[in-house]
Each structure stands twice: as structure tokens, then as C-alpha cells.
Amino acid sequence: AQTVTQSQPEMSVQEAETVTLSCTYDTSESDYYLFWYKQPPSRQMILVIRQEAYKQQNATENRFSVNFQKAAKSFSLKISDSQLGDAAMYFCAYRALNTGNQFYFGTGTSLTVIP
Amino acid sequence: GAVVSQHPSRVICKSGTSVKIECRSLDFQATTMFWYRQFPKKSLMLMATSNEGSKATYEQGVEKDKFLINHASLTLSTLTVTSAHPEDSSFYICSAPLHSGLAGRVDTQYFGPGTRLTVL
């Protein structure tokens, strides 16, 4: 079974600074997707960034980037120039390409941005 | 981007009654939708996969007779919590994938805003 682990229940960062959220996963699949989702207090899940396992290049979306280490099964999220609006729960998620559309979520990291 | 709606956003009911939650993909069709349950400050737990035109697939430990799922059309899935009890109180979230790219390989999961169920 696939498992996704986020070892940091809570993180904080000073506004305008950089923070990295960790995620590891366990799978026997070779082709899959990895995601970071953000859940603000409104509880609406918002896609932050997506990485396809077959791509060696790390995904980047504006201030958000990932460090994807396939051999180590690690998928960390870096938030640069943190803003107050980045404060939220962040969930790492995994989806295997060939076994349906189910997402497996990590336990989440609560990010606080300090003004 | 694509939009998924849920109705109602919150519901309070008495123990023993049934509650129906709707999940709609507003601007795209979804042959599959997913239902999650989320406890306070916890992760999303997949309950079941809703399949248009066929039976839902339930995750281990989820009572299919208690959580009835009907995928009535390509844009609507419903979750009915039957004979609700206080322990069923939770935040329920649905999602639907939108496929794009070559052979639909790339998909993005869009989430509804969630439904807070409180059973008294």
C-alpha cells in the first residue's frame, strides 16, 4: 500500500523568508504523480504544485518549487518570499498512474507565517 | 480552472436521520468522483470512489450500507449518510478529476469546498 509521510506537523516562517516542507512516500510503482495541496482556514483544497515522476526536472510555480528525489522517495516543497496568505495546512499527496485516480494524502503540515 | 461544488455547506441533523450531500462538477464531466472524510486538524481519508453508471468502490473499513453513494450523472455524485449518529459528525469533501493532455494522461483533481455535518 502507498503511504505518504509528512514528519513536520507544524512549521513557521518569517514573512519574506523561505521555508521547506518535507514529504516522503513509499511505493513500488514506477510511474506516478506527486502533489502539494494547500488548505486554508476556508477548508477549500487548492493545488499548489504537481510533479510527474518520469520528469527529472523539479516543478516550479512562481514562489513554489519542489525538490523531487525519486530514488530517496522524497518530495519537499520550498516556499520562497513567504507571504501571510501562505499560512495554511499543506498536504503532500501521491497518485499512481495505473491504479485509478485515488489520492493518498500525508498527515499535513500546518504553516504559520509570522509578520 | 474547473469548479466543483458541494451542497449543503453545513448541515445539522438529529441522530437517526439521513443526510444527503451533493457533489457537482460545474463545467466539466467526471465519470469518477471521490469522497473523503476529514477530522479536525487531520488529513483527508478516502472513503469511496464514485463511478458513473456502476457501483461505488469503498475503502476498507467504510460501511457501504451506511454511506450510500450514487453517481447519477456525469456531473453529479451524492453521498447519503443513513441513520446518522454523533460519531458521523465530520467534514466531508468530494473531488473530481479533470483529464487533459495527450490521451488524458495528465489529470488535475478539483475539490469541492466541503460539507460540515453535525449530528446531535
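Look up a bit, the structure's there.
Residues numbered from 1 in each chain as written. Chains lettered and ligands numbered in written order. Predicted model: local features only at pLDDT ≥ 70, side-chain atom pairs only at ≥ 80, totals over all residues. Heavy atoms only, no water.

**Quick word on the state of the cysteines**
(1) Moving on: The final tally for this structure, using the stated rule, is two disulfides over all chains.
(2) Moving on: What pairs with Cys23 of chain A in a disulfide is Cys92 of chain A, and their sulfur atoms sit 2.0 Å apart. Note on the Cys23 of chain A and Cys92 of chain A pair: the S-S dihedral is about -70°, so by sign convention the disulfide is left-handed. Taken as a pair, Cys23 of chain A in the loop between β3 (19-21) and β4 (24-26) and Cys92 of chain A in strand β10 (residues 88-96) lie far apart in primary sequence, 69 residues in all.
(3) Moving on: Judged by relative accessible area, which is 1%, Cys23 of chain A ranks as buried.
(4) Moving on: When its relative accessible area of 0% is taken as the criterion, Cys92 of chain A is described as buried.
(5) Moving on: For Cys13 of chain B, which is in no disulfide, the shortest distance to another cysteine sulfur is to Cys94 of chain B and amounts to 18 Å.
(6) Moving on: When its relative accessible area of 9% is taken as the criterion, Cys13 of chain B is described as buried. (Disulfide = S-S within 2.5 Å. Helix = DSSP H or I, 4+ residues; strand = E, 2+ residues; numbered from the N terminus. Buried < 20%, exposed > 50% of the residue type's maximum accessible area, 1.4 Å probe, protein only.)

**Overview of unusual backbone geometry**
(1) Moving on: Geometrically, the link from His7 of chain B to Pro8 of chain B is a cis peptide bond, its omega value of 0° lying close to zero.
(2) Moving on: Along the polypeptide, Pro8 of chain B turns up in the loop between β1 (4-7) and β2 (10-13).
(3) Moving on: Its identity is not glycine, yet Lys73 of chain A carries a phi of approximately 55°, on the positive side.
(4) Moving on: For Lys73 of chain A, the position within the fold is in the loop between β8 (64-69) and β9 (74-79).
(5) Moving on: Accessibility expressed as a relative area gives 25% for Lys73 of chain A, which makes it partly exposed.

**Some points on the sheet that holds strand β3 (residues 19-25) of chain B**
Residues and elements named next belong to chain B.
(1) Moving on: The antiparallel open sheet is built from four strands, whose spatial order is β1-β3-β8-β7. Among the strands making up the open sheet, the edge pair consists of β1 and β7 (67-73). Neighbour-to-neighbour, the strand axes of this sheet turn through a mean angle of 15°, independent of strand direction.
(2) Moving on: Pairing between β1 and β3: four bridges, direction antiparallel. Each bridged residue has a counterpart across the sheet, and for Gln6 the counterpart in β3 is Cys23. (Pairing = 2+ DSSP bridges. Axes fitted to C-alpha atoms, helices over the stretch in contact; angles between N-to-C directions.)

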